[in-house]
Amino acid sequence: MCGIIGYWNLKKEAFPILLESLKKLEYRGYDSFGFATLSNTQLFVEKQVGKVSSAKCQELPGKVGIAHTRWATHGKVTEKNTHPHTDCSGKIAVVHNGVIENFQELKINLSKKNYEFLSETDTEILPYLIEENLKQGTFRDAVIKTGSILKGRNSFVVLNSETKEMIAFRNGSPLIVGVAKENTTSEVFIASDIQAFLDKTKKVMYLDDNQIAIIKENPEFYDVKTKKKIEKRLIEIALDAEEAEKGDYAHYMLKEIMEQKETLIRAINQDDKDLMHVAQEINNAKGVFFIGCGTAARVCHTAEYIFSKVADKHVNFIPASEFENYKHFLLPETLVIAVSQSGETADVLDALKIAKQKGSRIISIVNAPESSVDKISDYAFLINAGPEKAVASTKATTSQIAVILLLAYACAGKLREGNRLLVDVAGEVNDMLNPRYDEHVKKLAEKIYQKENIFIIGRGLNYPMALESAIKIMEVSYIHAQGFAGGELKHGPIALIEKATPVIALVANDEVKNEIISNAIGVKSRGAYIIGVAPENNQVFDYWIKTPDVEEVASSIVNLIPMQLLAYHLGILKDHDVDYPRSLAKSVTVK
Ligand code: F6R
């Protein structure tokens, strides 16, 4: 959700580096983008509406600069609302990620001081506040004072052409400093994600909440509250820049779906001792809450069924954005388990803050190492799926389910059995992801891509997977898709079924198999076109997508694979940018 990059060096022109880095951050927001560079004591600014990857930009001079790719929160997608925003004198430029919750009040105060606003954004108050605060102190003091009065989760980077300084402030969204040193040359980066500069350096320092970083040859860090200097060590990270590239694939989404051939095995490669330890905590806890947002929330919902079936254990699922309503149930003996790909989702972090305040233990299942969720957790299971760039989550989802399955089996004292099952499932997924299977799913997409509505039904743990399939289809194809518990259709939604309405039934070889088939028969009698995603064919199916006959609890993983492929092909047939669907962003760092 908004990507920030800052670059400092003494030898190279900054613009081409900023441009390349910004393209790597495009998944965070792609409404509009802009740059500010510093040459001598002059700021140069360029802004455009649209995607940075497809734009033609005029090169700006200077060896130091900042850039931003926007996901609009306050104000429409216009050039005026695009970052960087500058102060009245044009000496200060700011790029920002977050939402300033008290911006209206701050804006009124600035208006009283005759500041005129050119944009509809909350960000525009930042350069004006810094300009105002500069009247009473140094640039560093002005940045700290400005950042400290902001409410909400906010991070920003400021460039000052007069003092020739760049300062980053963090209280919310991630900012990471990267340092590349070669002989006597230093290059310093500050970015929302390591991916922005991973091809240049793997040596990083993490900026934490309520800290600032002064971006220069040897970056300096200060605590915002005490104003004391903080010593940080350069950490070498073990990420591969190529892993985050599309390679021969046309889209990240397809690449990431295909990567599930390996990611499941990587996910289950957890330390048995840690799994057993957390399982024991789950068994002893006074209340277990799985929390997440969007697709991760559907994974948490599946966890309810998985724990019930595998470990005979009741766990609760709450969408992270609703978690506050349940805070009365939190005790120090309560376990809150956060599921998040990015580890930066604002609603998840806010929920975890509540859990911390209540003294509850926090466990997480997360993809991004060193992310805010990883850091706030008492214990984090990293799923090791590698960078997930497509906005629609695929490989992270199945890996999260795999770790939850392991935990459930560990709770039941059957970890080895769980491991064996998942190794088999990983093999089955590997076999499924072949060109013939993909072609078969694509043919289905060709049959239904012009439909206005698609319904997906499932029972048991395939009910949350029906909900997840609907998310996937909606976000990349923009076709209205809705998931239902099989038994619920007849309580109202069946009125929407017309002749040839596609209804997809997610079926497992389980005790509710006959019921879901009955539900399919029920809608077929109203004219629905029935697509069965199932281990066995059935005469009710008009189109059958075979899935491996794995144990019921693992059917959530294998049934998702064709649904991810279907969403992808529907999006392609609709001629959409499947990696960057409209109005969405990969990491939702605002509430
Ligand atoms: C949908 C999707 C989103 C995310 C949600 C949470 O495909 O990706 O619904 O699942 O925004 O994101 P994370 O997992 O990063 O917390």
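Residues numbered from 1 in each chain as written. Predicted model: local features only at pLDDT ≥ 70, side-chain atom pairs only at ≥ 80, totals over all residues. Heavy atoms only, no water.

With respect to the packing of aromatic side chains
Enumeration over the complete set of coordinates arrives at 13 aromatic pairs. Ring geometry for Tyr-379 versus Phe-381: centroids 4.8 Å apart, planes at 70°, classification edge-to-face. Given the relative accessible area of 24%, Tyr-379 is considered partly exposed. Phe-381 sits in the buried class, given a relative accessible area of 0%. Taken together, Tyr-7, Phe-189 and Phe-197 form an aromatic cluster joined through their ring pairs. One Lys or Arg, Lys-232, reaches over the ring of Phe-221 and ends 5.2 Å from the middle of that ring. A cation over an aromatic ring shows up here: Arg-582 above the ring of Tyr-478, its NZ or CZ 3.9 Å from the ring centre. (Phe/Tyr/Trp six-rings, centres within 6.5 Å; stacked < 30°, edge-to-face > 60°. Buried < 20%, exposed > 50% of the residue type's maximum accessible area, 1.4 Å probe, protein only. Lys NZ or Arg CZ within 6 Å of the ring centre and 35° of its normal.)

Comments concerning empty space enclosed by the protein
This structure, assessed with the given rule, holds 3 cavities of 30 Å³ or more. As a volume, the largest cavity reaches approximately 80 Å³. In this structure, the largest cavity is lined by 13 residues; those nearest its centre are Cys-2, Thr-73, His-83, Gly-98 and Thr-123. Secondary-structure elements contributing two or more residues to the lining of the largest cavity are strand E4 (64-70) and strand E6 (92-98). (1 Å grid on protein atoms, 1.4 Å probe; cavity = no way out; pocket = protein on both sides within 12 Å on 5 of 7 lines; lining within 4 Å. Points joined across faces, edges and corners; volume = space filled by probe spheres on them. Helix = DSSP H or I, 4+ residues; strand = E, 2+ residues; numbered from the N terminus.)

Comments concerning the side chain of His-96
Along the chain, His-96 turns up in strand E6. Once residues within four sequence positions are removed from consideration, His-96 is found in contact with Cys-2, Ile-4, His-68, His-83, Asp-122, Thr-123, Leu-126, Asn-154, Ser-155 and Phe-156. (Contact = heavy atoms within 4.5 Å.)

Quick look at the packing of helix H14 (residues 462-477) against helix H16 (residues 555-573)
If you want to describe how two helices pack, look at the angle between their axes and the distance between the axes. Where H14 meets H16, the axes come as close as 8 Å, and the angle between the chain directions of the two elements is 15°. By the angle between their directions, the pair H14 and H16 is classed as roughly parallel. Crossing of H14 over H16 shows right-handed handedness. Contact residues: Asn-462, Met-465, Glu-468, Ser-469, Lys-472, Ile-473, Val-476 and Ser-477 in H14; Ser-555, Ser-556, Asn-559, Leu-560, Met-563, Leu-566, Ala-567, Tyr-568, Leu-570 and Gly-571 in H16. (Axes fitted to C-alpha atoms, helices over the stretch in contact; angles between N-to-C directions. Parallel < 35°, antiparallel > 145°, perpendicular 65-115°, else oblique. Left-handed = near helix turned anticlockwise from the far one by under 90°.)

Here we look at the sheet that holds strand E15 (residues 235-236)
Two pairing modes exist for strands in a sheet, parallel and antiparallel, and in both the strands are linked by backbone hydrogen bonds. Strand order in the open sheet made by the 8 strands is E3-E2-E4-E1-E10-E9-E11-E15, with antiparallel pairing throughout. Because the sheet does not close on itself, it has two edges, and the strands there are strand E3 (42-49) and E15. Across 8 bridges, strand E2 (residues 32-39) lies against E3 in antiparallel orientation. Of the residues in E3, the one forming a bridge with Ala-36 is Val-45. (Pairing = 2+ DSSP bridges.)

A closer look at the site of the ligand
Looking at the ligand, there are 14 residues lining it, with Ser-340, Gln-341, Ser-342, Thr-345 and Glu-475 nearest. In this structure, Ser-393 approaches the ligand through a main-chain N or O atom, which is 2.9 Å from an oxygen atom. Relative to its free-state accessible area of 400 Å², the ligand is covered by the protein chains to the extent of 90%. Taken together, the elements giving at least two residues each to the shell around the ligand come down to helix H8 (294-311) and H14. Split into classes, the residues belonging to the shell around the ligand amount to 5 nonpolar, 7 polar and 2 charged. (Near = heavy atom within 4 Å. Polar contact = N/O pair within 3.5 Å; in protein donor to acceptor, adjacent residues only side chain to side chain. Areas by Shrake-Rupley, 256 points an atom, 1.4 Å probe, with all protein chains shown as cover. Nonpolar A, V, L, I, M, F, W, Y, C, P; charged D, E, K, R; others polar.)

A word on helix H11 (residues 395-411)
Side chains three or four residues apart in an α-helix point the same way, a direct result of the helix having 3.6 residues per turn. With 17 residues, H11 should reach 24 Å at 1.5 Å per residue; the first-to-last C-alpha distance of 25 Å fits that figure. When you tally the buried positions in H11, you get 17 out of 17 residues, the bulk of the element. The first or second residue beyond H11 is Gly-413, which carries a positive phi of 70°. (Expected span 1.5 Å × (residues − 1).)

Some words on the environment of Tyr-437
One can find Tyr-437 in helix H13 (residues 435-448). Separated by 125 residues in the primary sequence, Tyr-437 and Pro-562 place their C-alpha atoms 8.4 Å from one another. Discounting chain neighbours no more than four positions away, the residues touching Tyr-437 are Met-432, Ile-545, Lys-546, Thr-547, Pro-562 and Leu-565. Among the polar contacts listed, one links the side chain of Tyr-437 to the backbone oxygen of Lys-546, at a separation of 2.7 Å.

So, the environment of His-83
As for its placement among the helices and strands, His-83 is situated in the loop between E4 and strand E5 (85-86). Among the residues examined, His-83 registers a relative accessible area of 3% and is labelled buried. As for His-83 and Asn-430, which are separated by 347 residues in sequence, their C-alpha atoms are 43 Å apart. Not counting residues within four places of it along the chain, the set of residues in contact with His-83 comprises Phe-33, Gly-34, Lys-47, His-68, Arg-70, Val-94, Val-95, His-96 and Thr-123. Here the side chain of His-83 touches His-68 through a polar contact of 3.3 Å, side chain to side chain.

Remarks on the sheet that holds strand E12 (residues 211-214)
Reading across the sheet, the 7 strands line up as E5-E6-E7-E8-E12-E13-E14 and stay open at both edges, with antiparallel pairing between neighbours. On the outer flanks of this sheet lie E5 and strand E14 (229-230), each paired with one strand and no other. Of the pairings in the sheet, the one linking E5 to E6 comprises 2 bridges and is antiparallel in character. Bridge pairing links Thr-86 to Ala-93 in E6.

Quick word on the nonpolar core
In terms of nonpolar packing, the biggest core is built from 95 residues, with Phe-290, Phe-307, Ile-456, Ile-473 and Leu-566 touching the most fellow members. Beyond its immediate chain neighbours, meaning those up to four positions away, Ile-473 contacts Ile-454, Ile-456, Tyr-478, Ile-479, Ala-481, Met-563, Leu-566, Ala-567 and Leu-570. Counting 26 residues, the second-largest nonpolar core is a separate cluster that includes Phe-15, Leu-18, Ala-180 and Ala-196. (Core = buried A, V, L, I, M, F, W, Y, C linked by side-chain atoms within 4.5 Å.)

Examining the domain arrangement of the protein
Many descriptions give the size of an interface as the accessible area lost when the pieces come together. According to the domain assignment, the protein contains domain 1 (3-243), domain 2 (246-433) and domain 3 (434-580). The gap between the C-alpha centroids of domain 2 and domain 3 is 24 Å. Counting residues at the interface gives 38 residues for domain 2, matched by 35 residues for domain 3. Across the domain 2 to domain 3 interface the summed buried area is about 3100 Å²; carbon plus sulfur atoms make up 72%. (Domains from an automatic or database assignment. Buried area = accessible area lost by both parts, 1.4 Å probe.)

Focus on the pairing of strand E17 (residues 316-319)
In this sheet, E17 lies alongside strand E16 (residues 288-292) in parallel orientation, the contact comprising 4 bridges. Paired with Phe-290 across the strands is Phe-317, a residue of E17. Handedness of the crossover joining E16 and E17 through H8 is recorded here as right-handed. (Right-handed = clockwise from strand over helix to strand, strands pointing away.)

Considering the pattern of salt bridges
Within this structure, the stated rule accounts for 25 salt bridges. Asp-208 serves as the salt-bridge partner of Lys-375, at 3.1 Å between the closest nitrogen and oxygen. Pair noted here: Lys-375 is in helix H10 (residues 372-376) and Asp-208 is in the loop between strand E11 (203-207) and E12, with a separation of 167 residues, a long-range link. Relative accessible area serves as the criterion here: at 36%, Lys-375 is assigned to the partly exposed category. Residue classification places Asp-208 among the partly exposed residues on the basis of a relative accessible area of 28%. Linking Glu-475 and Lys-472 is a salt bridge whose minimum nitrogen-to-oxygen distance equals 3.4 Å. With Glu-475 and Lys-472 both in helix H14 and 3 residues apart, the pair spans about one turn of that helix. Because the salt bridges share partners, they merge into one network encompassing Lys-24, Asp-199 and Lys-200. (Salt bridge = Lys/Arg side-chain N within 4 Å of Asp/Glu carboxyl O.)

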